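Residue-level listing of the chains:
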Amino acid sequence: MLEMRPDCERCGVDLPADAPGAFICSFECTFCAPCTEAMDDVCPNCGGELIDRPTRTGKRLERHPASTVRIHKGAA
């Protein structure tokens, strides 16, 4: 199950689990759309491809809440 991190690791913008606009790599590094575009869809941490993160909504989000741990590394 995805960890669903709550923010962009590069700029710190909030990325709610129930909203589109988040991108992840295979290690679940998480970035917003503008940062992903600025990094040419490549994760600066592992070099992997950044892809759309699926959303989690409703009862599934209630039963399996998103992470509250923020990982902010700043601009890459």
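## Description of the sheet that holds strand S2 (residues 30–32)
At step 1: With antiparallel pairing, three strands are arranged side by side in an open sheet as S2-S1-S3. Single-partner strands in this sheet number two, and they are S2 and strand S3 (51–52).
At step 2: Pairing of strand S1 (residues 22–24) with S2 involves three bridges; the strand directions are antiparallel. The residue of S2 that forms the bridge with Phe-23 is Phe-31.

## Some thoughts on the pattern of salt bridges
At step 1: On inspection of all chains with the given rule, the structure shows four salt bridges.
At step 2: Here Glu-3 ties to Arg-5 by a salt bridge, and the two come within 3.4 Å at their closest N and O atoms.
At step 3: Among the residues examined, Glu-3 registers a relative accessible area of 31% and is labelled partly exposed.
At step 4: Between Glu-9 and Arg-5 there is a salt bridge, and its shortest N-O distance comes to 2.9 Å.
At step 5: Here Glu-9 falls in the buried class, since its relative accessible area comes to 2%.
At step 6: Through salt bridges that share partners, Glu-3, Arg-5 and Glu-9 make up one connected network.

Cut-offs applied
Residues numbered from 1 in each chain as written. Predicted model: local features only at pLDDT ≥ 70, side-chain atom pairs only at ≥ 80, totals over all residues. Heavy atoms only, no water. Pairing = 2+ DSSP bridges. Helix = DSSP H or I, 4+ residues; strand = E, 2+ residues; numbered from the N terminus. Salt bridge = Lys/Arg side-chain N within 4 Å of Asp/Glu carboxyl O. Buried < 20%, exposed > 50% of the residue type's maximum accessible area, 1.4 Å probe, protein only.

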